[in-house]
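Coordinate analysis (summary)
Below are the chains, spelled out letter by letter.
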Amino acid sequence: MESVRKMEDVAEQVSTIGKWKLKVIKDDRSAIQKKTFTKWINTYLIKVGQTIEDLYMDLQDGNKLITLLEILTGDRLPRERGKMRFHKLQNVENCLAFLKRKNIKLVNIRNDDIVDGNPKLILGLIWTIILNFEISHDPESQASAKANLIDWAKRACRGYKGVEVRNFTTSFKNGMAFNAIIHRFRPDIIDYEKLIPENAEENLENAFSVAEEELGIPRLLDVEDFLIDELDEKSIMTYLSAFNRMYSKVPTEEELAIKMYSDRINSDAKKLLTWLKTNIDRLEKRIYKMEPELFEKYKEDLQHLKEEELPNKLELKEFLADCYKNIESAEAEDSLTTDVTMDKLNHYWDAFERCLADKEACVQNESDRASRKYCDRKCCNRKYCNRKSCNRKCCNKKYCNRKVLQQKVLLLIVVVIDHISDKHQLCKISAQN
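Residues numbered from 1 in each chain as written. Predicted model: local features only at pLDDT ≥ 70, side-chain atom pairs only at ≥ 80, totals over all residues. Heavy atoms only, no water.

Let's talk about the overall build of the protein
In terms of regular secondary structure, the protein is built from 14 helices and zero strands. Overall, the protein shows an N-to-C arrangement of helices and strands of α-α-α-α-α-α-α-α-α-α-α-α-α-α. Across the protein, the fraction of contacts at a sequence separation of at least 24, relative to all contacts at a separation of at least 6, is 60%. Accessible surface, the protein: about 27,300 Å² in total, of which carbon and sulfur atoms supply 51%. (Helix = DSSP H or I, 4+ residues; strand = E, 2+ residues; numbered from the N terminus. Contact = heavy atoms within 4.5 Å. Areas by Shrake-Rupley, 256 points an atom, 1.4 Å probe, with all protein chains shown as cover.)

Focus on the nonpolar core
Within the largest apolar cluster, 81 residues are counted, with the highest numbers of intra-cluster contacts made by L55, I126, I129, F172, F178 and F243. Counting residues per element, this core draws most heavily on helix α6 (residues 119-135), at 11 residues. Aside from chain neighbours lying at most four places away, what touches L55 is K34, F37, T38, I41, I122, L123 and I126. (Core = buried A, V, L, I, M, F, W, Y, C linked by side-chain atoms within 4.5 Å. Buried < 20%, exposed > 50% of the residue type's maximum accessible area, 1.4 Å probe, protein only.)

Digging into the confidence of the model for the protein
Predicted confidence across the protein gives a mean pLDDT of 81, with 77% of residues reaching 70 or more. Taken as a whole, residues 16-23 scores under 50 in pLDDT and shows zero contacts with residues more than four places along the chain or in a different chain. Under a pLDDT of 50 for its full length, residues 381-399 has, in the predicted model, 39 contacts with residues more than four places off or in other chains. (pLDDT = per-residue confidence, 0-100.)

Here we look at the packing of aromatic side chains
Each aromatic ring pair is described using two quantities: the centre-to-centre distance and the angle formed by the ring planes. Taken as a whole and judged by the stated rule, the model has 15 aromatic pairs. Plain terms: the ring middles of W152 and F185 are 6.1 Å apart, the flat faces sit at 10° to each other, and that makes the pair stacked. Remark: F185 occurs in helix α8 (residues 176-185) and W152 occurs in helix α7 (residues 145-157); sequence separation between them is 33 residues. By relative accessible area, which is 6% here, F185 ends up buried. Measuring from centroid to centroid gives 5.9 Å for F208 and F226, while their planes differ by 40°, and the two rings are tilted. Here F208, found in helix α9 (residues 200-214), pairs with F226, found in the loop between α9 and α10 (233-246); they are 18 residues apart in sequence, far enough to count as distant. (Phe/Tyr/Trp six-rings, centres within 6.5 Å; stacked < 30°, edge-to-face > 60°.)

In structure tokens, the structure reads:
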């Protein structure tokens with residue numbers, strides 16, 4: 001008998017521990033749902049300048065619940081403006097009646113449950129709204145909403161090593177499935193090959209931050225939500241629905257190949273356009289009276305640009321020209337799109353070639369100018385001169401050589417003196433006569 005009692009005591013303790021663990025799990029799930037549903041509601045209320053902080057308290061008067069349904073459906077609901085309990089009950093009742101007219105089943109949810117802040121029933125009401133207006137997109141097909149979403153996730157993750165979507169809990173626990181979905185539709189923003197399945201927290205953080213910053217998908221979940229033993233299925237479904245709404249159609253292998261081809265063309269075209277604009281600005285820089293060291297460096301850079309960079313860019317331009325011909329073909333014109341046109345590339349390429357030719361001429365002229373001999377004639381006002389005779393107006397002398405100029409001046413003085421002397425002699429002779 002004593003052994004039987006001991007066994008009963010042990011069984012009771014195990015049962016108590018089991019119930020306690022179950023309560024902890026339920027509490028964890030409820031807390032995650034409350035946080036996720038609050039964020040989800042705010043993504044819509046923010047459009048009209050409203051938000052909620054406490055899901056259980058801020059929906060009690062029914063006003064924000066009415067606003068949420070109006071945003072989701074575009075319909076207008078009747079609204080009581082008073083603050084008495086009667087007005088709150090009427091507002092919530094208007095919401096429940098509206099949902100019933102949409103053929104949405106509400107199980108054991110009454111208006112007083114919401115007004116009194118019943119956590120379980122408030123979570124149930126919000127989940128019903130999410131399921132019908134966010135996940136299924138069609139209130140009449142809510143029964144298949146979960147199946148459709150899981151099927152979409154499977155197709156999006158198909159072919160990704162280490163990812164197999166079977167459910168909305170354990171399949172997403174290490175974060176690889178979230179990253180695979182993002183990479184499927186936007187391979188340019190996720191480096192999937194660098195992800196390690198064992199680094200669950202890093203994978204989750206990467207997916208959530210990239211989705212928020214690059215795709216504009218609100219961060220409804222946090223890494224901490226995946227550190228518990230039992231994940232919350234409804235919260236994960238709510239988050240995934242944002243991806244499903246943005247990318248409802250999963251591309252086929254052929255469509256994905258076409259998209260990658262198009263993305264490569266766009267990327268290469270943008271890089272070439274940026275290179276052309278940068279070098280056009282660079283070539284338009286003045287080099288007149290540049291310091292000798294800087295001028296030599298500029299000549300080296302110009303030579304590198306012409307001999308090293310230009311051939312590669314010319315090859316890229318020819319490759320893009322062939323790609324654009326394929327895009328313009330009848331088979332591909334509906335599938336491929338480009339952000340930079342070939343006409344635009346040709347326009348900037350022609351401008352670049354003109355700038356390059358002009359700059360080469362300027363460099364040659366500057367090199368010639370720098371190689372001329374120095375002229376010591378101050379009035380010449382030229383730093384360099386390679387001519388024996390200077391044609392500068394300010395000089396007004398035939399020769400810039402100072403010694404030659406001095407000899408000419410002396411010769412001129414002698415001629416003048418002789419002329420004056422001859423004239424003086426003539427005057428004397430005239431006077432004597």
